[in-house]
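# Close look at the chain arrangement
Read off the chains here:
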Amino acid sequence: MWDLQRETSSSMYKRSSSRDSTPMIDVEESSGLLQNDVNKETETTNPPWICSLPHVLVATISSFLFGYHLGVVNEPLESISSDLGFSGDTLAEGLVVSVCLGGAFIGSLFSGGVADGLGRRRAFQLCALPMILGAFVSGVSNSLAVMLLGRFLVGTGMGLGPPVAALYVTEVSPAFVRGTYGSFIQIATCLGLMGALFIGIPVHNIPGWWRVCFWVSTIPAAALALGMFFCAESPQWLFKQGKIAEAEAEFERLLGGSHVKTAMADLHKLDLDRADEPDVVSLSELLYGRHSRVVFIGSTLFALQQLSGINAVFYFSSTVFKSAGVPSDLANIFVGISNLLGSLVAMVLMDKVGRRLLLLWSFTGMAVAMALQVGATSSYLPHFSALCLSVGGTLVFVLTFALGAGPVPGLLLPEIFPSRIRAKAMALCMSVHWVINFFVGLLFLRLLEQLGPRLLYSMFSTFCLMAVMFVKRNVIETKGKTLQEIEISLLAKP
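Residues numbered from 1 in each chain as written. Predicted model: local features only at pLDDT ≥ 70, side-chain atom pairs only at ≥ 80, totals over all residues. Heavy atoms only, no water.

Looking only at helices and strands, one finds 24 helices and zero strands in the chain. Looking at the 494 residues of the chain, the share that counts as buried comes to 52%. Contacts in the chain between residues far apart in sequence, at least 24 positions, make up 82% of those at least 6 positions apart. In the structure as shown, the chain presents an accessible area of about 22000 Å², 66% of it carried by carbon and sulfur atoms. (Helix = DSSP H or I, 4+ residues; strand = E, 2+ residues; numbered from the N terminus. Buried < 20%, exposed > 50% of the residue type's maximum accessible area, 1.4 Å probe, protein only. Contact = heavy atoms within 4.5 Å. Areas by Shrake-Rupley, 256 points an atom, 1.4 Å probe, with all protein chains shown as cover.)

For the rest of this paragraph, the subject is the packing of helix H19 (residues 355-376) against helix H21 (residues 408-416). At a minimum axis distance of 11 Å, the contact between H19 and H21 shows a crossing angle of 145°. Relative to H21, H19 is oriented so that their crossing is left-handed. For the pair H19 and H21, the contacting residues are Arg355, Leu358 and Leu359 in the first and Val408, Pro409, Leu411, Leu412 and Glu415 in the second. In terms of residue class, the contact of H19 with H21 is made up of six nonpolar, no polar and two charged. (Axes fitted to C-alpha atoms, helices over the stretch in contact; angles between N-to-C directions. Left-handed = near helix turned anticlockwise from the far one by under 90°. Nonpolar A, V, L, I, M, F, W, Y, C, P; charged D, E, K, R; others polar.)

Bringing the pattern of salt bridges into the picture now. Under the counting rule described, the total for this entry stands at eight salt bridges. Between Arg178 and Glu415 there is a salt bridge, with its nearest N and O atoms 2.5 Å apart. A residue pair is termed long-range when its members are at least 10 positions apart, and Arg178 in helix H9 (residues 178-199) and Glu415 in helix H21 qualify at 237 residues. Residue Glu415 is classed as buried on the basis of its relative accessible area of 1%. Its salt-bridge partner being Arg253, residue Glu250 comes within 3.4 Å of it at the nearest N-O pair. With a gap of three residues between them, Glu250 and Arg253 both fall in helix H13 (residues 244-255), about one helical turn apart. Several salt bridges share partner residues, and in doing so they unite Asp116, Arg120, Glu171, Lys240 and Arg422 into one network. (Salt bridge = Lys/Arg side-chain N within 4 Å of Asp/Glu carboxyl O.)

Another aspect to go through is a nonpolar patch on the surface. A contiguous nonpolar patch, built from Val435, Phe438, Phe439, Leu442, Leu443, Leu447, Leu451, Leu455 and Met459 and spanning about 710 Å² of accessible area, is present on the exposed surface. Secondary structure elements with two or more residues in the nonpolar patch: helix H22 (422-451) and helix H23 (453-474). For the nonpolar patch, the leading source of residues is H22, giving seven residues. On the secondary structure map, Leu442 appears in helix H22. (Patch = residues over 30% accessible without salt bridge, like charges linked within 9 Å, V, L, I, M, F, W, Y side chains within 5 Å.)

To continue, consider the packing of aromatic side chains. With the rule as written, the count across this model stands at six aromatic pairs. Arranged with centres 5.7 Å apart and planes meeting at 70°, the rings of Phe66 and Trp434 form a pair that is edge-to-face. With a gap of 368 residues between them, Phe66 in helix H4 (residues 61-71) and Trp434 in helix H22 connect regions that are remote in the sequence. The pair formed by Phe66 and Trp434 is uniform in burial state, with each residue classed as buried. (Phe/Tyr/Trp six-rings, centres within 6.5 Å; stacked < 30°, edge-to-face > 60°.)

This brings us to the nonpolar core. Of all hydrophobic cores here, the largest spans 102 residues; its most connected members are Leu224, Leu301 and Phe417. Broken down by element, this core gets its largest block of residues, ten residues, from helix H8 (residues 144-172). No fewer than three residues from each of domain 1 (49-232) and domain 2 (278-493) sit in this core. If we skip the residues at most four places from it in the chain, Phe417 touches Val294, Val295, Gly298, Arg422, Ala425, Met426 and Cys429. With 17 residues, the next largest nonpolar core counts Val73, Val96, Val99 and Trp210 among its residues. (Core = buried A, V, L, I, M, F, W, Y, C linked by side-chain atoms within 4.5 Å. Domains from an automatic or database assignment.)

Axis separation between H4 and H9 bottoms out at 6 Å; the angle between their running directions is 40°. One way to sum up the angle between H4 and H9 is to call them oblique. You can see that H4 and H9 cross each other, and the crossing is right-handed. From H4, Ser63, Phe64, Phe66, Gly67, Tyr68, Leu70 and Gly71 reach across to H9, where they touch Ile185, Ala188, Thr189, Leu191, Gly192, Leu193, Gly195, Ala196 and Ile199. Looking at the contact of H4 with H9, its residues break down into ten nonpolar, six polar and no charged. (Parallel < 35°, antiparallel > 145°, perpendicular 65-115°, else oblique.)

The next point concerns the environment of Val203. Take Val203: it is sitting in the loop between H9 and helix H10 (209-215). Its relative accessible area of 4% is what places Val203 among the buried residues. With 124 residues separating them along the chain, Val203 and Ser79 place their C-alpha atoms 7.4 Å apart. When neighbours within four sequence positions are excluded, Val203 is seen to be in contact with Glu75, Pro76, Ser79, Trp209 and Trp210.

Turning to the confidence of the model for the chain, a few remarks are in order. Across the chain, pLDDT averages 82, with 85% of residues at or above 70. When pLDDT is averaged over each element of the chain, helix H11 (residues 218-227) comes out on top at 96 and helix H1 (residues 2-15) at the bottom at 40. Throughout residues 1-43 the model reports pLDDT below 50, and contacts reaching past four residues in sequence, or to other chains, amount to 20 contacts. (pLDDT = per-residue confidence, 0-100.)

Now for the environment of Pro76. Counting through the fold element by element, Pro76 comes out in the loop between H4 and helix H5 (77-84). Separated by 135 residues in sequence, Pro76 and Arg211 have C-alpha atoms that sit 9.1 Å apart. The residues touching Pro76, leaving out its near neighbours within four places in the chain, are Val203, Trp210 and Cys213.

So, on to the side chain of Ser217. With respect to the secondary-structure elements, Ser217 resides in the loop between H10 and H11. In terms of polar contacts, Ser217 uses its side chain to reach the backbone carbonyl oxygen of Phe214, at 2.6 Å. With near-sequence residues (within four places) excluded, Ser217 lies in contact with Leu65, Tyr68, His69 and Ala135. (Polar contact = N/O pair within 3.5 Å; in protein donor to acceptor, adjacent residues only side chain to side chain.)

Turning to the environment of Tyr457, a few remarks are in order. If you trace the backbone, Tyr457 turns up in helix H23. In this structure the C-alpha to C-alpha distance between Tyr457 and Ala367, which are 90 residues apart in sequence, comes to 9.4 Å. Ignoring anything within four residues of it in the chain, the contact list for Tyr457 reads Met370, Gln373, Val374 and Phe444.

And the structure:
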């Protein structure tokens, strides 16, 4: 549309001569040239990033809650088991930690339908409700069963929140800062983990403090639910619902008025390109349809992310540090700082070097870090050198994970998924994430006993190298491109 307008203005200018032109033609010439300049300026300038920032920050509260509830029982678990009467029962203690994963799996399964059916804003509000209720139930629990119920409710909100956060941040962010904003999700998760650690510090000195650890999480959950009333809805979702005027209004809130027409024109073009596709997205279409390849890429990235051993390192890093004489709370701080530092570096580099290169750097660094862990098991090394290698390998692994393998998949997948299948494809990929997360946590200690650390860490390193090869062959770069441009380029491929 804009090219046609420029051609018309240009041809009008060429046809009119300076000798026989009338004042009216001069006005038309000036208007055409002025419009041409405005269009060029719109195309070459970026939207103001400040417009979308508040909406992104509110959305990342869900990621903060995700991190907080992952870590909230780490320090208080001993006090919880003592007060509720299951002290020494490792199975019960494991259930308190892992029942969230079951709830998260259920929540992630429904996240796509909720986000598509109710919209992104209401999906956030819906994920906040079980987090508030579950945290309250956990805080007032007087038995293991009530505690497990509360943790399961929290888990459903945890499963629902991350896919919706990835969708929302991707859809409301301008292309030139989308990577930076996507990194906010990982940073918020790190801050949530560290916040849980900080809140849990008095638990060994103040009786019943573990209840406060749960109750305090209702504050950010309520802030998320209330804050979404003032945030923009995803323009892509509104357009899919046929609410064209509302989509334009939200684009204006997020991008500024001068970029609305270009954004809407891209959406209309995509709508024409997929006019022959049905509105309903089925599981068979995701697995076997024309978009099955991008769904396979997304699921495999999340699978390799978990098979790299990251959650095994997170769950059991304190054991490594204890063997080196480092207290568990100090170990958690070291791991948290490494995670946060890597996330901050990723935020700076995401829109500079791109998603693909960060993934390659990250998985390569993780493979090297796991190789250090393998070297630490050597009987030829002095005990102190082996401990230094083990601790250093753990910190390098967490740092390099946070550099790319942590934040990039959650950002990249909503970018490469077409808008029609985006929510449900993310739900499927996150379900894969939670299933493998569960089994890695369940089997790690048993495999460690049966295979030994050298072979197990070698397997993790091999998975990281497999991820490097997979990224090289299958992952495209999306840096600086609008979602519509990415979708059009993927549709153009055979």
